[in-house]
Every structure is written in C-alpha cells, then in structure tokens.
Amino acid sequence: MAVALALMRDHDRRWAQAMALEFEHAGRDGHGLRFAWGCTTVALQRLTGSSAGWHLLVRHAVAVVVLLPMALFHLGCAMHGLRCWVLDRDPYLAALEAGDAGQRVIAIAYRTWSPPILLGLVLLGGLHILIAWRIAASDWHRARRGMIAAALVVAGLLACIAAIHPTTWGMMLQGVALAAEMLAVPILAAWQARSASPAVP
Amino acid sequence: MTRSRRPSKQLLALLEALAERGGQWWHGYELMKQTGLQSGTLYPLLMRMTERGLIEAEWREPEQPGRPPRHAYRLTAAGVAYIREQAIPVQSDLRIIGA
C-alpha cells in the first residue's frame, strides 16, 4: 500500500488518502493484500497516463536500475580490495610477486597505487548514489555536477591503472561506461524540459 | 453526431449499486463488496465518474467517533440522467436523487 501511495502524485493525493483509509477496512476483512495490489495498479495506470508520470517512472528506473547497481558495484569492489589490502592476502599481488622481473615491477606499482584506487572506488560509489538521488528528484544541476565529479574520479582511477598496468580494453570499458552515464543526464534533462515546455500553437 | 458508448459491465455494476441506495453515501470498500469489483477496477471508475460529474465525492465523518473521515460517493443528478439515458435497470426509485 505504501508503494501505491508513493506512486500517486500530488493531484491524486485525495484519492491516495481515500484508498489508504479503505485499506484499513479491507485489511480487517483479510483482503488487504489484494486491495493494496489493486491500488498499486491504479497508481501505475495514472502515472503512465501522463507525460509527467512517465518522467517520474523513467527517472526512478534510471536511478534504481542503472545508477544504484553501479554504485553497489564500485563500493563492492572497494570493500573487496580493502579486505585484501588490510589482510595482505591479495592473490593477484601474490601471483605478480612470484613472477618474473617485469611482473615484480608491476607488483610494486600495484602496491603503491592500491590505496588511491580504493579511495577512488569509494568516492565513485558515493557519487553514483548522490547522482541517482538527484536524478530521482529532477535536480539536474546537482546531477550534472555529480557527473563531472565522477568523471574526474574516473580520470584519476584511469591514471592510477595506467601507472600499474595499462590495458586498452579495460580502460576503454571504463571510459565508455562513464560516457554513457554522462550522456544519460543531459538527455533525460532535455526530454523532461521539452515535455514540460508549453506547446507552440 | 455524438455517439454514446455502451457502459462497460463494471460501470453498470457500479451504477446499479450506487442507484440502489438512492441519495445515500457509499464508501469505496462497501462498493467493492457490493459490486464484486477489485480496487484496481473500482477506483479508476470512481475517478472517471467524478471527473464526468456522474457522482460526487466528499469526506464524511464516520459513525464511530475518533475515526478519520472516509471518502464517500453518491450519484448526482447527472448520474441519474445518465442511468435513464442508458436505460440501465435499477431497483430503487431514482426520483429520490433525480431532478
């Protein structure tokens, strides 16, 4: 029921309140779940029936389906790296240190650059959460600033990775992922602004 | 020329239920029980009918004191006219609320 109420926008607030009160009565008769499910479908129908509703759905979908998983991925990588670093049990580092002279040089660079990379990953995860939150709230100005900060962090990460062991594909992948995210913000903002502006007769 | 669409089975059930009590008020859950409609069907109908002026909705104090007001619905004169225009069979005397 909370989902249904959250999906009902301001001009449907009266209906949302009406549904919430009837939900109590349906719940007493043991029909609460079915009632709430019906109200959720009503809320979704109302949302998809207007361009403002579509904007809200798309913004939340981008935030929840794209940006939050990216944030979790970056934070997960950072936690994994931090555990390896603190416990000094990194199988990749161990393999490098056991390798030839070239690999031992990479191992030294890897050890040196690991802390800033971990910090960068934590920052990137945090920035993705911030951007997701701001996009959901239609705060395009802060979302853009967040994206610029994320781009700077990624640039720093790429520089660190390049100092350890540059691989074209790995670096390209990071760049393409960030470029796609950075493009999403102005595209979403432009779409919303175009739909919100009054039609020219 | 305007073409009036036949009301759906669900709308008929709702109009019949609303007409049954004449000018009395109904709550949403009562209407669900009376018509057998689910909330996902009932509320869009109530919203559309309110927008078209076929029913009126207002917050009404409940019989039990201390409880919050509930949203209640009843037919308007336009709703009664619609029932007559569509020749929807109803059991009650619509003159109670009709013009």
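Our structure is the block above this text.
About the cut-offs
- Residues numbered from 1 in each chain as written.
- Chains lettered and ligands numbered in written order.
- Predicted model: local features only at pLDDT ≥ 70, side-chain atom pairs only at ≥ 80, totals over all residues.
- Heavy atoms only, no water.
- 1 Å grid on protein atoms, 1.4 Å probe; cavity = no way out; pocket = protein on both sides within 12 Å on 5 of 7 lines; lining within 4 Å.
- Points joined across faces, edges and corners; volume = space filled by probe spheres on them.
- Helix = DSSP H or I, 4+ residues; strand = E, 2+ residues; numbered from the N terminus.
- Nonpolar A, V, L, I, M, F, W, Y, C, P; charged D, E, K, R; others polar.
- Buried < 20%, exposed > 50% of the residue type's maximum accessible area, 1.4 Å probe, protein only.
- Pairing = 2+ DSSP bridges.
- Expected span 1.5 Å × (residues − 1).
- Bend = angle between axes of the 7 residues up to and from the residue.
- Polar contact = N/O pair within 3.5 Å; in protein donor to acceptor, adjacent residues only side chain to side chain.
- Phe/Tyr/Trp six-rings, centres within 6.5 Å; stacked < 30°, edge-to-face > 60°.
- Arc of directions from axis to C-beta.
- Contact = heavy atoms within 4.5 Å.
- Core = buried A, V, L, I, M, F, W, Y, C linked by side-chain atoms within 4.5 Å.

Side note on the layout of surface pockets
Right, on to step 1. The space that makes up the largest pocket amounts to roughly 920 Å³.
Right, on to step 2. Secondary structure elements with two or more residues in the lining of the largest pocket: helix H4 (51-87), helix H5 (91-97), helix H6 (101-136), helix H7 (140-164) and helix H8 (168-196) of chain A.
Right, on to step 3. Considered class by class, the residues forming the lining of the largest pocket number 21 nonpolar, nine polar and four charged.
Right, on to step 4. As a volume, the second largest pocket reaches approximately 420 Å³.
Right, on to step 5. Lining of the second largest pocket is provided by 21 residues; of these, His27, Glu30, Pro62, Glu63 and Arg70 of chain B occupy positions nearest its centre.

Observations concerning the pairing of strand E3 (residues 70-75) of chain B
Residues and elements named next belong to chain B.
Right, on to step 1. Burial runs high along E3: five of the six residues are buried.
Right, on to step 2. As defined by bridge partners, strand E1 (residues 26-27) adjoins E3 across two bridges and the pair is classed as antiparallel. Bridge assignment links His27 to a residue of E3, and that residue is Ala72.
Right, on to step 3. Where strand E2 (residues 55-60) and E3 come together, six bridges link them in antiparallel fashion. Bridge assignment links Arg60 to a residue of E3, and that residue is Arg70.

A closer look at H6 of chain A
Residue and element names in this part refer to chain A.
Right, on to step 1. Between the first and last C-alpha of H6 there are 50 Å, a value that for 36 residues agrees with the 52 Å anticipated at 1.5 Å per step.
Right, on to step 2. Trp113 marks where H6 bends most, by close to 45°; the proline Pro115 follows one to four residues later.
Right, on to step 3. If you check the start of H6, you find a side-chain oxygen 3.2 Å away from the backbone N of Gly102, and it comes from Asp100.
Right, on to step 4. Of the residues flanking the end of H6, it is Ser138, one or two places downstream, whose phi is positive at about 60°.

Quick word on the packing of aromatic side chains
All names here are of chain A.
Right, on to step 1. Applying the stated criterion to the full structure yields five aromatic pairs over all chains.
Right, on to step 2. Summarising the aromatic geometry, the rings of Phe23 and Phe35 are spaced 6.4 Å apart at their centres and angled 35° between planes, so their arrangement reads as tilted. Of this pair, Phe23 sits in helix H2 (residues 13-28) while Phe35 sits in helix H3 (residues 32-48), placing them twelve residues apart in sequence.
Right, on to step 3. Phe35 gets classed as buried once you look at its relative accessible area, which sits at 1%.

Let's talk about helix H2 (residues 28-35) of chain B
Right, on to step 1. Inspection of H2 of chain B places Gly28, Tyr29, Leu31, Met32 and Thr35 of chain B among the buried residues, and these make up the whole buried set. Viewed along the axis of H2 of chain B, the buried residues span an arc of 160°, placing them on a single side of the element.
Right, on to step 2. Where the residues of H2 of chain B are buried, they touch H2 and H3 of chain A together with helix H1 (9-20), E1, helix H3 (39-52) and E3 of chain B.
Right, on to step 3. At the C-terminal side of H2 of chain B, Gly36 of chain B shows a positive phi close to 80°.

A look at the nonpolar core
Right, on to step 1. Membership of the largest hydrophobic core comes to 41 residues, with the highest contact counts inside it found for Leu14, Leu31, Tyr43 and Leu46 of chain B.
Right, on to step 2. For this core, the elements supplying multiple residues, two or more each, are helix H1 (2-7), H2 and H3 of chain A together with H1, H2, H3, E3 and helix H4 (77-85) of chain B.
Right, on to step 3. Formed by 32 residues, the second largest nonpolar core is a distinct cluster that contains Ala109, Ala143, Ala150 and Val153 of chain A.

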